[in-house]
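Coordinate inspection notes
These are the residues of each chain, in order.
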Amino acid sequence: MQRLGSVQQKIPCLFLTDVKDDPSTKREYQPFRVLATEQINPKALDGDIYNAIPTEKVDGTCCCITRHKGQPYLWARLDRKPNKQAEKRFKNFHRLGSSKEFIWNVEQDFKTVPDSWIPAAKMLQLNGNVQPDENGHIPGWVPVEKYSKQYCWHSSVVDYEAEVALVLRPESSEQNLLEITIVPLSDLLEQTVELIGTNVNANPYYSEPGWP
């Protein structure tokens, strides 16, 4: 199986985005839409976008496969977010347009997370504390347990006894086709994958019932 890169931070949009006061066509109760403009994101220019090879960003929910309890495990994305007081300070800071850098107190400004939570790879650390990204979040992961109610759609695609996962990938003999197949979790170790399905992220791929 082809080895892919492990992307654990948020991927910025190629174009700058704008928020419109129109009802979302994706989420029924969302009163706004986030749309791409025609202006290229400066981060894309810094990344030499004109010499890049474009690929699709699958629109599901991000997961990671790494070890837990001595075996390959599926981990769900859980970003550690600031508490209400810290979030208010952060928004007011940016509203004032200060050129200085916002100073976080990581031990006091962020909500608690489960003991099993781990930060995403390559996050900046300062004085032993993982630092938030530019959005004020600390990306991370929690292990998906077999009978988890909160992550029931995640757990439906893995079998920890057999140590396998249900995967959608290009068909081995025909790259223009996709196949649903069983893959050893060990083949996916230290990779990030995207969970898609009927009950995931408003089902943008119109998956048939029976998928997660």
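Treat the numbers as computed from the prediction; the structure is a model and nothing was measured.

1. A look at the pattern of salt bridges
Two side chains that carry opposite charge are able to pair once their charged atoms sit near each other. By the definition in use, this model includes seven salt bridges. Here Glu 87 makes a salt bridge to Lys 91, at a shortest N to O gap of 3.7 Å. Of this pair, Glu 87 and Lys 91 both sit in helix H2 (residues 84-95), four residues apart, which is roughly one turn of the helix. For Glu 87, a relative accessible area of 33% translates into the label partly exposed. The closest approach of N and O atoms between Arg 89 and Asp 109, which form a salt bridge, is 3.0 Å. Taken together, the residues Arg 89 in helix H2 and Asp 109 in helix H3 (residues 106-109) connect sequence positions 20 residues apart. What makes Arg 89 partly exposed here is its relative accessible area of 39%. Under the relative-accessibility criterion, Asp 109 is labelled buried at 7%.

2. Regarding unusual backbone geometry
With a phi angle near 65 degrees, Glu 190 is a residue other than glycine that sits in the positive phi range. Even without being glycine, Asn 203 reaches a positive phi, approximately 50 degrees. Counting through the fold element by element, Asn 203 comes out in the segment after strand S12 (191-195). According to the relative accessible area criterion, Asn 203 is buried, its value standing at 13%.

3. Let's talk about a nonpolar patch on the surface
Taken together, Leu 166, Leu 168, Leu 178, Ile 180 and Ile 182 make up a surface patch of nonpolar side chains, about 470 Å² in accessible area. Those elements giving two or more residues to the nonpolar patch turn out to be strand S10 (164-171) and strand S11 (174-184). Note on placement: Ile 182 falls in strand S11. What makes Ile 182 exposed here is its relative accessible area of 52%.

4. Structural notes on H2
The end-to-end C-alpha separation of H2 is 16 Å, in line with the 16 Å expected for 12 residues at 1.5 Å each. Buried within H2 we find Ala 86, Phe 90 and Phe 93. Down the axis of H2, the buried set is contained in an arc of 65 degrees. They therefore lie on one face. Residues Lys 84, Gln 85, Lys 88 and Arg 95 are exposed on H2 and point more than 90 degrees away from its buried face.

Basis of the calculations
Residues numbered from 1 in each chain as written. Predicted model: local features only at pLDDT ≥ 70, side-chain atom pairs only at ≥ 80, totals over all residues. Heavy atoms only, no water. Salt bridge = Lys/Arg side-chain N within 4 Å of Asp/Glu carboxyl O. Helix = DSSP H or I, 4+ residues; strand = E, 2+ residues; numbered from the N terminus. Buried < 20%, exposed > 50% of the residue type's maximum accessible area, 1.4 Å probe, protein only. Patch = residues over 30% accessible without salt bridge, like charges linked within 9 Å, V, L, I, M, F, W, Y side chains within 5 Å. Areas by Shrake-Rupley, 256 points an atom, 1.4 Å probe, with all protein chains shown as cover. Expected span 1.5 Å × (residues − 1). Arc of directions from axis to C-beta.

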